[in-house]
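Summary of structural features
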Amino acid sequence: MHRRLLRIALILLLFPPLLAAVAGWLAAPAFLHPIRRELTPDLIREAEASFAVTGATREDFDVRAPDGAPLRGWKVRPKNPDGTWVLLFHGVADNSVGVIGQSEFLLRDGYSVVMMDARAHGASGGPIATYGWLERNDTRAIIDALESSEHPRHIFALGESMGAGIVLQSAAADPRIEAVVAEAPFANLREASYDYAGLRKYPWLGKTLFAPGTWTLLYRDEKLAGFPVAEVSPQKAVAVRAFPVLLICDEKDVALPCRHSEMIYAAARGPKQLWVVPGAFHTAAYGFAPEEFRRRVLSFFAAYSSAAP
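None of these values were measured; they are calculated from a predicted model.

Right, let's get into the state of the cysteines. If you walk through the whole model with that rule in mind, you get 1 disulfide. Residue pairing for Cys249: its cysteine sulfur links by disulfide to Cys258, the two sulfurs lying 2.3 Å apart. Torsion about the S-S bond of the Cys249 and Cys258 cystine: about 95 degrees, corresponding to right-handed handedness. Considered together, Cys249 and Cys258 belong to a single accessibility category, that of buried residues.

Put into structure tokens, the structure is as follows:
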């Protein structure tokens, strides 16, 4: 009887970690190949209508990444541009239209914006998403192309979720990005995997009982993609270069909870702000507090617009 109970106890104890390990192994390719949200004619019309409200004009902006991947997006100019450009970075499984709301109030305030589809997203090429490892080099190529055609007075950036993580890593690698707004960034890939393994409710499960799922996911991704997973880290990036950062975390975010922004905030060496948005879900700060969002972002960029380039 005791042996039988012991066997049952062992099965109950070992089955969840084993199941998590298999799930992590199977999920790894999907992590590198997120669902592609196509840039449809309807989405383009939606963007055009938004730009028309502010009197802004759009033109195609195609850039070749250092590894040859085609990056596609738009340069959008307001009626009365002031020479300052903001690079906008969308979230995972999205495209540039995902940041159309942010573009609208920036254009209204005189900022020009660059809206690119990230690699392996929208109309851009690239076989896999690397969450900042290759994307930071893509950002450098985008800025090179922007500088050669527009000669910007200042370059700022704003990112959402995956895009927030990418822009923080990009700013660490390229000092031409003078200030960054990042909503709902991930601290690093391992920390983010704990939340996903913990079913987006119990990250402690991802660190304990379901930890084998995070191990196999990250191990297989590293082998499939050929980049060091541990180095994909906005938390490390903000400690490398002291650039100004406004971190926005959504109080009810279960995908990338506020602890990610708090970890990044603690590591940041430059001027830093952290705004916790009450009641907001993942990347929903603008929807929950639109006036406060606009006020904080515009005042943050304005503080650095008057500085010498």
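Here Asp253 lies in the loop between strand E7 (245–250) and helix H10 (258–267). Assessed through its relative accessible area of 5%, Asp253 is described here as buried. One polar contact links the side chain of Asp253 to the main-chain amide nitrogen of Leu256, over a distance of 3.0 Å. A distance of 2.8 Å separates a polar atom in the side chain of Asp253 from a polar atom in the side chain of His282.

To continue, consider the packing of helix H6 (residues 189–197) against helix H8 (residues 211–225). Following both chains from N to C, one finds H6 and H8 inclined at 130 degrees, their axes separated by 9 Å at the closest point. As far as their axial angle goes, H8 and H6 are oblique. In this structure, H6 crosses over H8, and the sense of that crossing is right-handed. When H6 is examined against H8, the residues Leu189, Arg190, Ser193, Tyr194 and Ala197 are found in contact with a partner set consisting of Thr214, Trp215, Leu217 and Leu218. Here the residues of the contact of H6 with H8 are counted per class, giving 6 nonpolar, 2 polar and 1 charged.

Thresholds applied
- Note on numbering: residues in each chain are counted from 1, in written sequence order.
- Totals for whole chains, interfaces and linings use every residue, but because this is a predicted model, local features are given only for residues with pLDDT of at least 70 and side-chain atom pairs only at 80 or more, for both listing and counting.
- To get the side-chain values, take all heavy atoms of the structure and skip hydrogens and water.
- Counting rule for disulfides: a pair of cysteine sulfur atoms within 2.5 Å.
- Exposure is judged per residue with a 1.4 Å probe applied to protein chains only, and the accessible area is read against the type maximum: over 50% gives exposed, under 20% gives buried, and values in between give partly exposed.
- Runs of E in the DSSP output that reach at least two residues are strands. Runs of H or I that reach at least four are helices, and both are numbered from the N terminus.
- For the purposes of these results, a polar contact is taken to be a pair of N or O atoms within 3.5 Å, where, inside protein, one atom must be able to donate a hydrogen and its partner to accept one; residues adjacent in sequence count only when each atom of the pair is a side-chain atom.
- Axis definition: a line fitted to C-alpha atoms, limited for helices to the stretch in contact. Angles are taken between N-to-C directions and run from 0 to 180 degrees.
- An angle below 35 degrees is read as roughly parallel, one above 145 as roughly antiparallel, one from 65 to 115 as roughly perpendicular, and any other as oblique.
- Throughout, a crossing is termed right-handed when the near helix is turned clockwise from the far one, and left-handed when it is turned anticlockwise from it by less than a right angle.
- We call two residues in contact when some of their heavy atoms are within 4.5 Å.
- Only Asp, Glu, Lys and Arg are considered charged, only Ala, Val, Leu, Ile, Met, Phe, Trp, Tyr, Cys and Pro nonpolar, and every remaining residue, Gly among them, polar.

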